[in-house]
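# Close look at the chain arrangement
Given next are the chains, with one letter for each unit.
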Amino acid sequence: MKKLTPPKVTTGLFFLWLILLLPWLFLAPLSLMAFDAGSTFKAHVFVWSIWTYPAAVGIVALVRKKAPMIALLPCLNIVACFVSGL
């Protein structure tokens, strides 16, 4: 059994982030419905985490050859989304 090396794992993770951009195109505009209940801190964190996801994937695309562990950067958006509580 082959051992997975960090560059292989991070490359696979990067392609997962790219695949997740497809549903983002359709679901990101719907995230603005978080403000239907009013402008709260939770709503702002939720929308911020959704709308900055493509920027995080773009940063990973630019820097992943020099620093492979940057592939974990979009995890911050997912964590912020769940921490917001919406």
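Residues numbered from 1 in each chain as written. Predicted model: local features only at pLDDT ≥ 70, side-chain atom pairs only at ≥ 80, totals over all residues. Heavy atoms only, no water.

Within the structure shown, the criterion is met by three aromatic pairs. Relative to Phe 15, the ring of Phe 14 has its centre 5.6 Å away and its plane inclined at 55°; by these criteria the two rings are tilted. The exposure class assigned to Phe 14 is buried, which follows from its relative accessible area of 5%. Residue Phe 15 is classed as partly exposed on the basis of its relative accessible area of 42%. A cation sits over an aromatic face here: Arg 64 above Phe 15, 5.9 Å from the ring centre. (Phe/Tyr/Trp six-rings, centres within 6.5 Å; stacked < 30°, edge-to-face > 60°. Buried < 20%, exposed > 50% of the residue type's maximum accessible area, 1.4 Å probe, protein only. Lys NZ or Arg CZ within 6 Å of the ring centre and 35° of its normal.)

The next subject is helix α4 (residues 74-83). Of the residues making up α4, those classed as buried are Pro 74, Asn 77, Ala 80 and Cys 81. For α4, the angular spread of the buried residues around the axis is 115°, confining them to a single face. Facing away from the buried side of α4 by over 90 degrees, the exposed positions are Leu 76, Phe 82 and Val 83. On its buried face, α4 sits against α1 (6-27), α2 (41-51) and α3 (53-63). (Helix = DSSP H or I, 4+ residues; strand = E, 2+ residues; numbered from the N terminus. Arc of directions from axis to C-beta. Contact = heavy atoms within 4.5 Å.)

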